[in-house]
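Remarks on the overall topology
Residues per chain are reported as follows:
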Amino acid sequence: MPRTALFVIDIQGELAQDKHTEIPHARRIREAGDVILAKAREAIDRARANGQRPELEIVIVQHEEKPEDGTMIRGSKPWELVFTPRQSDDMERIVSKNVRK
């Protein structure tokens, strides 16, 4: 089991890619996220290349709402992730949440 995790929380279309609803500094957050995820993925790949189990896991948290509670409805454009996990990589996963606290 990995000993370290990188959590990417609620970086979704509505908050980080829609010019009408994005959070302040969304562009900087996207750019930093690209760099951080690339480095984390390099560390995972490097460990595997050396025959080791990676000590880092990437957890992408995706917020979800009911239609009566907001616009981040499963399957909608606002709900889509900005950073998606690599397919079939056991060191990257999505965790769904529906609490705003």
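The present account deals with the structure reproduced in this document.

How each quantity is defined
- Residues numbered from 1 in each chain as written.
- Predicted model: local features only at pLDDT ≥ 70, side-chain atom pairs only at ≥ 80, totals over all residues.
- Heavy atoms only, no water.
- Helix = DSSP H or I, 4+ residues; strand = E, 2+ residues; numbered from the N terminus.
- Core = buried A, V, L, I, M, F, W, Y, C linked by side-chain atoms within 4.5 Å.
- Buried < 20%, exposed > 50% of the residue type's maximum accessible area, 1.4 Å probe, protein only.
- Expected span 1.5 Å × (residues − 1).
- Contact = heavy atoms within 4.5 Å.
- Salt bridge = Lys/Arg side-chain N within 4 Å of Asp/Glu carboxyl O.

With that settled, consider unusual backbone geometry. Here Asp 10, not a glycine, exhibits a phi torsion of approximately 55°, which is positive. With respect to the helices and strands, Asp 10 occurs in the loop between strand S1 (4-9) and helix H1 (13-16).

With 13 residues, the main nonpolar core has Val 8, Ile 11, Ile 58 and Phe 83 as its most contacted residues. Sorting the residues of this core by element identifies helix H2 (26-49) and strand S2 (56-63) as the ones contributing at least two each.

Now for H2. Given a rise of 1.5 Å per residue, 24 residues ought to cover 34 Å, and the 34 Å separating the end C-alpha atoms of H2 matches this to within 8%. Restricting attention to buried positions, one finds in H2 the residues Ala 26, Gly 33, Leu 37, Ala 40, Arg 41, Ile 44 and Ala 47. Residues of H2 that are buried make contact with S1, H1, S2 and strand S3 (92-97). Remark: Gly 51 follows H2 within two positions and exhibits a positive phi of approximately 75°.

Following the criterion strictly, the structure yields 14 salt bridges and no others. Where Arg 30 meets Glu 22, a salt bridge forms, and the shortest distance between an N and an O atom there is 3.6 Å. When its relative accessible area of 23% is taken as the criterion, Arg 30 is described as partly exposed. Taking the shortest distance from any N to any O, the salt bridge between Glu 64 and Arg 74 comes out at 2.9 Å. Remark: Arg 74 occurs in the loop between S2 and S3 and Glu 64 occurs in the loop between S2 and S3; sequence separation between them is ten residues. Each of Arg 41, Asp 45, Arg 48, Arg 53, Arg 86, Asp 89, Asp 90 and Glu 92 takes part in salt bridges that share partners, so that together they form one network.

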